[in-house]
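Below, each chain spelled out in residue letters.
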Amino acid sequence: MTWRRTRATAGRVLRQLRHDPRTLALLVAVPAVLMGLLAWILHGRDHDFDTFGPQLLGIFPLVVMFLVTSVATLRERTGGTLERLLTMPMAKADFVLGYAIAFGLAAIVQALVVSGLCFGPYDMTVRGDAWLVVVVAVLDALLGTALGLSLSALATTEFQAVQFMPAFILPQLLLCGIIVPRSELPTILHWVSYALPMSYAVDATQQLITHAAVTTQFLVDVIVVGGFLVAALAVGATTLRRRTP
Amino acid sequence: MTTQAPVSAAPAARVEHLTVVRGCTHAVDDVSFELETGTLVGLLGPSGCGKTTLMRSLVGTQVVSSGTVTLLGEPAGSPRLRDRVGYVTQVPSVYGDLTVRENLSYFATVLGESFEAVELVLADVDLCDHAASMVGRLSGGERARVSLATALLGSPSILVLDEPTVGLDPLLRRSLWSLFRRLAAAGTTLLVSSHVMDEAERCERLLLMRDGRILADTNPAGLLSSTASEDFESAFVALIEGDVLGSGGVPKAGEEGL
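Not measured: the values here are computed from a predicted model.

**Description of the overall build of chain A**
At step 1: Of regular secondary structure, chain A possesses 10 helices and zero strands.
At step 2: Reading chain A from its N end, one meets helices and strands in the order α-α-α-α-α-α-α-α-α-α.
At step 3: Dimensions of chain A along its principal axes, counting C-alpha atoms only, are 60 × 40 × 35 Å.
At step 4: The buried share of chain A, reckoned over its 245 residues, is 44%.

Shown next, in the form of structure tokens:
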């Protein structure tokens, strides 16, 4: 692995995004509008937006990044460009980290714009530090990228890839504690929720909603999400095959 | 970047009893041959005969069932070959949502090549006028040339080109074949596939393939004379009929056996 190739890959992915301004606009506008819609729906209902807003602030980017990355990497797999890169002196880590860096930068812009709107005009407040909410949102978006990268290996068409979103992301959304607190889930589902990365992402935000100071639980959550992120990238790298049947 | 293999005695590539089974068919069936350094070898045969599988085995992207493939003294697909073997797939494998120059600059960086190399290969494939065009908006032939230009980056010692001239206009096809001959003269070993039999005349040596096997290892003149044919199309038909009848009329113009 070399920094030169990783950086070139990240730059190339960003250049592709730049040539597709509509995707770039959607990347920022969709979560921004969704959060606005949520703020409007919950307007005047006590502190409901302060409860649901920060939690969904991390989840919308995760979903968007998951979709974009799984389609982008599937294109590389089916279009022959991945095979070509792997016949060149390119490490699998160069490819995976290149994508992570490119979409990570996009995620930072996305998170800054969306949380700027939330904490500004949408009037969202949390007890903890607002910038930590942004950090969790970026981490979630990166997790979405990493999951998209590795799960795209299971898809052979774009139709399949987009359906992985409801298949892999929506169950996590149901079990992550937004709809029903995880401790109140049926026992088996409670256990299952421990194995899902989104549970920790949402718990981290819940810590920021309810505590002014950084809690140990928050740090544990962030470390676990980071662990899932690294693991998903590693799995993503192993799904890249230099030799195929 | 890379220096050409100085030893002329060792072949650039050696394929020994290569067999690739895909599903229940033998895509490549006990194939053996050698490629001498600095030669332009045509791999001809109808589509579906195993040309692409054979080429993928040479590049090292194909899971093979048995046999060995050695390039420049290394097993195919070995990390040390990655900047010494160029490969062009049949379907252009470049990014449609980048310009021609952005595509080439990216691959050049991956290969550790300078940006001057990009301008050189652009001229080689006659795409200087399109350098700033988005690849996705180019014609099929132009896109194929972007893909070819990518493989030329880094001046690899061996070039494996899967149908690089299909669908191109005759003038362009002629200029690409003269580029291939120039590269071969400079010491590059080229294996170029085509399903258009008439392209046979442009090669120094021919490998004719059908149903995963090599029917003949010959040269253009040898092929025509041994089959008593006027053109390459009928020469190939004659070869197949001879093969089906088992008459043993398989010509071998080269010194190396099958």
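**Regarding the overall build of chain B**
At step 1: In terms of helices and strands, chain B carries seven helices and 10 strands.
At step 2: What you see for chain B is a C-alpha radius of gyration of 18 Å, in line with the 18 Å of a compact globule of 258 residues.
At step 3: Across its three principal directions, the C-alpha atoms of chain B cover 55 × 40 × 35 Å.
At step 4: Pairs at least 24 apart in sequence give 70% of the contacts found in chain B among residues at least 6 apart.

**Considering the nonpolar core**
At step 1: Membership of the largest hydrophobic core comes to 147 residues, with the highest contact counts inside it found for Leu-143 of chain A together with Leu-58, Leu-71, Val-160, Leu-190 and Leu-208 of chain B.
At step 2: Per-element accounting of this core gives the leading share, 13 residues, to helix H6 (residues 130-151) of chain A.
At step 3: Setting aside anything within four residues of it in sequence, one finds Leu-71 of chain B in contact with Ala-12, Ala-13, Leu-58, Ala-76, Leu-81, Val-85 and Ile-158 of chain B.

**What to know about the interface of chain A and chain B**
At step 1: Each side of the interface is counted separately: chain A has 22 residues, and chain B has 23 residues.
At step 2: Looking at the side of chain A that touches chain B, the elements with two or more residues in it are helix H1 (3-18) and helix H4 (81-87) of chain A.
At step 3: Examining the composition of the side of chain A that touches chain B, we find that six residues originate from one element, H1 of chain A, more than from any other.

**Considering the packing of H6 of chain A against helix H10 (residues 216-238) of chain A**
All names here are of chain A.
At step 1: It is the contact of H6 with H10, at a shortest axis distance of 8 Å, that shows an interaxial angle of 25°. When the axis of H6 is compared with that of H10, the two are roughly parallel. The two elements H6 and H10 meet at a crossing, and its hand is left-handed. Seen from H6, the contacting residues are Leu-139, Leu-142, Leu-143, Ala-146, Leu-147, Leu-149 and Ser-150; seen from H10, they are Val-222, Val-225, Gly-226, Phe-228, Leu-229, Ala-232, Leu-233, Val-235 and Gly-236.

Criteria and cut-off values
Residues numbered from 1 in each chain as written. Chains lettered and ligands numbered in written order. Predicted model: local features only at pLDDT ≥ 70, side-chain atom pairs only at ≥ 80, totals over all residues. Helix = DSSP H or I, 4+ residues; strand = E, 2+ residues; numbered from the N terminus. Buried ≥ 20, exposed ≤ 12 C-beta atoms within 10 Å, placed from the backbone. Rg over C-alpha atoms; globule rule 2.2 N^0.38 Å. Contact = placed C-beta atoms within 7 Å. Core = buried A, V, L, I, M, F, W, Y, C linked by C-beta atoms within 7 Å. Axes fitted to C-alpha atoms, helices over the stretch in contact; angles between N-to-C directions. Parallel < 35°, antiparallel > 145°, perpendicular 65-115°, else oblique. Left-handed = near helix turned anticlockwise from the far one by under 90°.

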